[in-house]
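Analysis of the macromolecular model
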Amino acid sequence: MQHELIPTRDGYGKALLKLIEEDKRIIALDADVAKSTRTAWVAAKYPESFIDMGICEQDLVGTSAGLAIGGMIPFCTTYCVFLVGRAWDQIRTTVCYNNLNVKFAGAHAGISVGPDGATHQSLEDVALMRVLPNMRVIVPCDSIETEKAAIAAAKAEGPFFIRFGREAVPVITSEDTPFEIGKANTMRDGDDVVVFANGALVYEALVAAERLEKEGVSVMVVNLHTVKPLDAEAILAAAKKTGAVVTAEEHQIIGGTGSAVAELLAQHCPTPMEMVGVRDVFGESGTGEELMKKHGLSADGIIAAVKKVKK
């Protein structure tokens with residue numbers, strides 16, 4: 001499977017430029033990492049629509065909240081681990097409690113950030129954000145979907161959290177691929193097992209499905225880009241059709257996408273299930289590729305989970 005490799009954050013930067021051109025209420029805020037998050041693209045082209053708050057994530061969120069009260073549409077952007085970790089109280093109490101129109105972008109998420117090590121590898125953010133009332137959580141799979149997610153969030157009212165990584169990942173969607181908040185996309189049909197994946201693991205799930213087909217296993221792959229609100233209808237239909245479920249995410253298996261799917265299935269359609277994700281450990285230094293492989297966040301890890309759930 002050959003695909004162009006582009007960082008998902010590039011899609012975020014492109015979305016901001018398009019949004020600001022159309023609507024001057026859009027404003028990008030950053031915490032001294034604008035080059036990395038691509039908000040530097042906004043600073044260069046639309047300096048009046050950019051604020052660098054410095055390394056002060058709690059003020060970043062508070063200022064974003066104030067701008068939202070004033071009628072602006074702020075995109076509050078920094079490294080995921082510091083946005084969610086340092087400013088969770090402000091996100092919870094200032095933004096979500098008041099249902100303010102702030103869009104949060106958590107860049108450099110997951111373990112694939114690599115050499116920066118455990119302190120910079122955000123593996124808990126989906127759990128922390130999806131538990132908040134009023135918050136919507138999106139984990140796009142490539143640069144095109146990241147662009148669509150940011151544009152969709154800007155056009156909807158209320159808080160959003162969009163999570164994306166640093167590394168270049170295969171572009172597996174196109175401009176014509178549907179994207180709707182809360183609506184999962186079936187990337188490949190199958191009868192024996194369904195893999196619900198998001199972020200970089202969608203591509204790995206497609207690779208796994210292709211390999212398993214050669215072994216006579218028919219795998220459905222569903223891009224579950226919206227973790228909250230979940231597409232309950234699509235999840236339950238796929239679980240009933242296949243009778244076996246695997247979830248795959250670049251996040252702790254505790255509290256993340258897998259937990260969200262398990263909660264739904266436990267209530268409405270108990271189904272044999274395996275989870276691919278980080279298993280209750282912190283990250284470490286290494287290349288992104290090494291770390292993804294070590295923690296089973298790969299086609300091999302998904303294949304192993306499929307074979308286990310189908311026993």
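Refer to the preceding data block for the structure.
The structure reproduced in this document is the subject of the present report.

Rules of the game
- Residues numbered from 1 in each chain as written.
- Predicted model: local features only at pLDDT ≥ 70, side-chain atom pairs only at ≥ 80, totals over all residues.
- Heavy atoms only, no water.
- Salt bridge = Lys/Arg side-chain N within 4 Å of Asp/Glu carboxyl O.
- Helix = DSSP H or I, 4+ residues; strand = E, 2+ residues; numbered from the N terminus.
- Axes fitted to C-alpha atoms, helices over the stretch in contact; angles between N-to-C directions.
- Parallel < 35°, antiparallel > 145°, perpendicular 65-115°, else oblique.
- Contact = heavy atoms within 4.5 Å.
- Nonpolar A, V, L, I, M, F, W, Y, C, P; charged D, E, K, R; others polar.
- Phe/Tyr/Trp six-rings, centres within 6.5 Å; stacked < 30°, edge-to-face > 60°.
- Buried < 20%, exposed > 50% of the residue type's maximum accessible area, 1.4 Å probe, protein only.

1. A closer look at the pattern of salt bridges
Counted under the stated rule, the structure contains 17 salt bridges. With its nearest N and O atoms 2.5 Å apart, the salt bridge here joins Asp-125 to Arg-163. Note that Asp-125 is positioned in helix H7 (residues 125-130) and Arg-163 in strand S7 (residues 160-163), a separation of 38 residues in sequence. Of the charged contacts, one joins Lys-307 and Glu-215 as a salt bridge, the two residues approaching to 3.2 Å between their closest N and O atoms. Residue Lys-307 is located in helix H13 (residues 299-309), and its partner Glu-215 is located in the loop between helix H9 (201-213) and strand S11 (219-223); the two are separated by 92 residues in the primary sequence.

2. Topic: the packing of helix H4 (residues 57-69) against helix H6 (residues 88-96)
Remark: H4 packs on H6, axes separated minimally by 9 Å, with the N-to-C direction vectors making an angle of 10°. Considering their axes alone, H4 and H6 lie roughly parallel with respect to each other. Residues Gln-58, Val-61 and Ala-65 of H4 lie in contact with H6, whose contacting residues are Gln-90, Ile-91, Thr-94 and Val-95. By residue class, the composition of the contact of H4 with H6 is four nonpolar, three polar and no charged.

3. Looking at the packing of aromatic side chains
What the rule picks out here adds up to three aromatic pairs. Ring geometry for Tyr-12 and Phe-75: centres 6.2 Å apart, planes at 50°, overall tilted. With a gap of 63 residues between them, Tyr-12 in helix H1 (residues 8-22) and Phe-75 in strand S4 (residues 73-79) connect regions that are remote in the sequence. Owing to a relative accessible area of 0%, Tyr-12 belongs among the buried residues under this scheme. Residue Phe-75 is classed as buried on the basis of its relative accessible area of 0%. Measuring from ring centre to ring centre gives 5.1 Å for Tyr-12 and Phe-164, while their planes differ by 35°; the resulting arrangement is tilted. Separated by 152 residues along the polypeptide, Tyr-12 in helix H1 and Phe-164 in the loop between S7 and strand S8 (168-170) bring together distant segments of the chain. Each member of the pair, Tyr-12 as well as Phe-164, is classed as buried. Here a set of aromatic residues connected by ring pairs shows up, and it is made of Tyr-12, Phe-75 and Phe-164.

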